Amino acid sequence: MTTENRTLPALAAGPIEMPSAILSWSEDFARDTVWNEHSHPFHELLWNERGASTAVVGPRVWTITPALGLWMPAGTLHSGSATAGTWCRAGFFGFGAMSSISSTPVGVEITPLLRLLLERLADTELSSGSRAVTEAMVFDVLTPSSRELLVQMPVSDLLRPIADAVRSDPGDQRTLAHWASHLGVSARTITRAFNVETGTSFARWVAAVRAQHAVELLGRGWEIDAVAEEVGYRSASAFGVAFRRTTGLTPGAFRAR
């Protein structure tokens, strides 16, 4: 299956004419799709009805799911991708209609209430009065979340081989000591570099990459036992503990519906 490449412009943040304060967008992707680096004049709330997609801002990579969305402030350069079978949704928030909930991209938990409100706004037959009330409720409940599926990619020549290996195979079992020996440096050097470049330890960074990959597989309908083995855990229980520690949620929260 070929990948579809889509090109969008880089636009600065600013007011544009919109029929309402929040516009809804939805697309069910039949093919793997990739977006170039671009930006919008409006704020975006990205989430999925089904499957997992990614958004990339500089060295930061977020995974977007039905449970965890992403707030993208207007004017923020970002690229993205969605695999075939993913049903992506978004709300476009007019610049000036509300203050951005964050000056930088931030996770948003898609609670049952927020989901219902967003789905209501997607109804093209909604009256103007009902739309205004629903939009006001979205503005009221929309808040940043400490839960997000975020990986900060290291950029140095030292850490790049590690990052590439783990990203291509999240089940990679090589330890910090192995990588230190392979790269001809001390384990302390690698540990220090990971803390500086990613803000976390080698072990926590690997756990985050594994969680992102696991979410994609869970969204495709994989069984939890199979996902655990694929991303390098010896048992589903060990995977569940690590996954909850990383995401704050259970693997079952991301299973395809």
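Shown above is the structure to which this text applies.
Figured I'd write up the structure that's included with this text. (Residues numbered from 1 in each chain as written. Predicted model: local features only at pLDDT ≥ 70, side-chain atom pairs only at ≥ 80, totals over all residues. Heavy atoms only, no water.)

Observations concerning the nonpolar core
- Formed by 19 residues in total, the largest nonpolar core has its most connected members in Y233, F239, F243 and F254.
- Within the residue set of this core, elements represented by two or more residues are α6 (202-219), α7 (224-230) and α8 (236-247).
- Broken down by element, the residue count for this core peaks at six residues, all from α6.
- The residues touching F239, leaving out its near neighbours within four places in the chain, are A214, I224, V227, A228, V231, Y233 and P251.
- Within the second largest apolar cluster, 18 residues are counted, among which are V151, L159, I190 and V209. (Core = buried A, V, L, I, M, F, W, Y, C linked by side-chain atoms within 4.5 Å. Buried < 20%, exposed > 50% of the residue type's maximum accessible area, 1.4 Å probe, protein only. Helix = DSSP H or I, 4+ residues; strand = E, 2+ residues; numbered from the N terminus. Contact = heavy atoms within 4.5 Å.)

Side note on the packing of aromatic side chains
- In the structure shown here, the tally under the stated rule is 10 aromatic pairs.
- Consider the rings of W71 and F93, whose centres lie 5.1 Å apart with planes at 65°: the pair is edge-to-face. Of this pair, W71 sits in strand β7 (residues 68-72) while F93 sits in strand β9 (residues 87-93), and the two are 22 residues apart along the sequence. Neither W71 nor F93 differs from the other in exposure class; each is buried.
- Each ring, one from F243 and one from F254, has its centre 5.5 Å from the other, and the planes form 75°; the classification is edge-to-face. In this pair, F243 is assigned in helix α8 and F254 in the segment after α8, connecting sequence segments 11 residues apart. Across the pair, F254 and F243 agree in class, each one buried.
- In this structure, R210 packs its charged tip against the face of Y233, placed 5.1 Å from the ring centre. (Phe/Tyr/Trp six-rings, centres within 6.5 Å; stacked < 30°, edge-to-face > 60°. Lys NZ or Arg CZ within 6 Å of the ring centre and 35° of its normal.)

Some points on the pattern of salt bridges
- Scanning all chains against the criterion turns up 11 salt bridges.
- A salt bridge links E4 to R6; the nearest nitrogen and oxygen atoms lie 3.0 Å apart.
- For R6, a relative accessible area of 22% puts it in the partly exposed group.
- E49 is the partner of R115 in a salt bridge, and the nearest nitrogen-oxygen pair spans 4.0 Å. One end of the pair, R115, is in helix α1 (residues 112-121); the other, E49, is in strand β4 (residues 43-50), with 66 residues separating them in the sequence. The residues R115 and E49 share a single accessibility class, namely buried.
- Members of the salt-bridge network, linked through shared partners, are E4, R6, E27 and R31. (Salt bridge = Lys/Arg side-chain N within 4 Å of Asp/Glu carboxyl O.)

Considering the sheet that holds β4
- Spatial strand order, β2-β9-β4-β7-β10: five strands in an open sheet with antiparallel pairing. Every interior strand has two partners, whereas the edge strands, β2 (22-28) and β10 (106-109), have only one. Adjacent strand axes in the sheet meet at a mean angle of 25°, parallel and antiparallel pairs treated alike.
- Relative to β9, β4 runs antiparallel, the two sharing seven bridges. Across the sheet, residue L45 finds its bridge partner in β9, namely G91.
- Here α1 sits on the sheet in contact with β2, β4, β9 and β10, set at roughly 100° to β4.
- Across the face of the sheet, helix α2 (residues 128-141) comes into contact with β2 and β9 while running at roughly 80° to β2. (Pairing = 2+ DSSP bridges. Axes fitted to C-alpha atoms, helices over the stretch in contact; angles between N-to-C directions.)

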